[in-house]
Amino acid sequence: MKTNEQRGLTFVYTGDGKGKTTSAIGLAVRAVGHNKSVKIFQFIKSPERTYGEQKVLEKIGVDMVQLGRGFTWTKTPEEHREALKTGWPIAKEAIMQGHYDLVILDEINNALAIETFPIDDVLPLQDVLHVIKTKPKHVHLVLTGRSAHPAIKEVADLVSVIEPEKHYYDEGIQAIEGIEF
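In what follows, the accompanying structure is described. (Residues numbered from 1 in each chain as written. Predicted model: local features only at pLDDT ≥ 70, side-chain atom pairs only at ≥ 80, totals over all residues. Heavy atoms only, no water.)

A short note on the side chain of Glu-53
By the secondary structure assignment, Glu-53 is in helix H2 (residues 52–59). Residue Glu-53 is classed as buried on the basis of its relative accessible area of 15%. Contacts of Glu-53, omitting those with residues within four sequence positions, involve Thr-21, Ile-25, Gln-42, Lys-45, Met-64 and Phe-181. (Helix = DSSP H or I, 4+ residues; strand = E, 2+ residues; numbered from the N terminus. Buried < 20%, exposed > 50% of the residue type's maximum accessible area, 1.4 Å probe, protein only. Contact = heavy atoms within 4.5 Å.)

Some remarks on the pairing of strand S4 (residues 102–106)
Among the 5 residues in S4, 5 count as buried, and that is most of the element. Neither face of S4 is exposed, since Leu-102, Ile-104 and Asp-106 on one face and Val-103 and Leu-105 on the opposite face are all buried. Sheet analysis places strand S2 (residues 38–42) next to S4, joined by 5 bridges and oriented parallel. The residue of S4 that forms the bridge with Ile-40 is Ile-104. Sheet topology places S4 next to strand S5 (residues 140–144); 4 bridges connect them, and they run parallel. In the strand pairing of S5, Leu-105 is matched with Leu-143. (Pairing = 2+ DSSP bridges.)

What to know about the pattern of salt bridges
Under the defined criterion, the tally for this structure stands at 8 salt bridges. With its nearest N and O atoms 2.8 Å apart, the salt bridge here joins Arg-81 to Asp-121. Residue Arg-81 is located in helix H3 (residues 77–97), and its partner Asp-121 is located in the loop between helix H4 (108–112) and helix H5 (125–134); the two are separated by 40 residues in the primary sequence. Asp-121 sits in the exposed class, given a relative accessible area of 53%. For the salt bridge of Lys-92 with Asp-127, the shortest nitrogen-to-oxygen distance reads 3.0 Å. Here Asp-127 lies in helix H5 and Lys-92 lies in helix H3, a separation of 35 residues in the sequence. The structure contains a network of salt bridges with shared partners spanning Lys-45, Glu-53 and Asp-106. (Salt bridge = Lys/Arg side-chain N within 4 Å of Asp/Glu carboxyl O.)

Focus on unusual backbone geometry
One non-glycine residue, Glu-107, lies in the positive phi region at around 70°. Residue position: Glu-107 is located in the loop between S4 and H4. A positive phi angle, close to 55°, is found at Ser-147, a residue other than glycine. Looking at where Ser-147 falls in the secondary structure, it is placed in the loop between S5 and helix H6 (150–155). For Ser-147, a relative accessible area of 49% translates into the label partly exposed.

A few points about the environment of Lys-137
Within the secondary structure, Lys-137 sits in the loop between H5 and S5. The exposed category is assigned to Lys-137, whose relative accessible area is 54%. The spatial distance from the C-alpha of Lys-137 to the C-alpha of Leu-9 is 8.8 Å, given a sequence separation of 128 residues.

The structure is reproduced here in structure tokens:
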């Protein structure tokens, strides 16, 4: 269906391969290059750590907010639940206010897929779907992370599944500063 009407699109970057957040960051840089306003929320990453992308995005005026507590195995389920409970309303409000042209919800797919503790009462899938469907007309939305829910993929305008064919982790090479973080 072709249309000349501009509308905010929803992008999903998912899969087990490396590059989901990197793709979203690339989109953010491109948007800023066209004087678009961008906000990034990270649902798993913790403010206890500074990430390379955060440093450079700050220099170009993009605010990146870590709402998480780190990897799900590093903190208690209650700590993660509390982070999601307080974080989702912040991200939702930023989207629905319409102040940004592009909002990135980094690793929200991972958060929605958590099975080790109850998630739906603090990050309800139906609420996320409602936000996607009712966000302001001009807002582009990006959701990243493994295990994107089928319902999220269904309402998205673009779904890219990034799968590994070969990875240096398999050779015992650890995370590299400037590459993974």
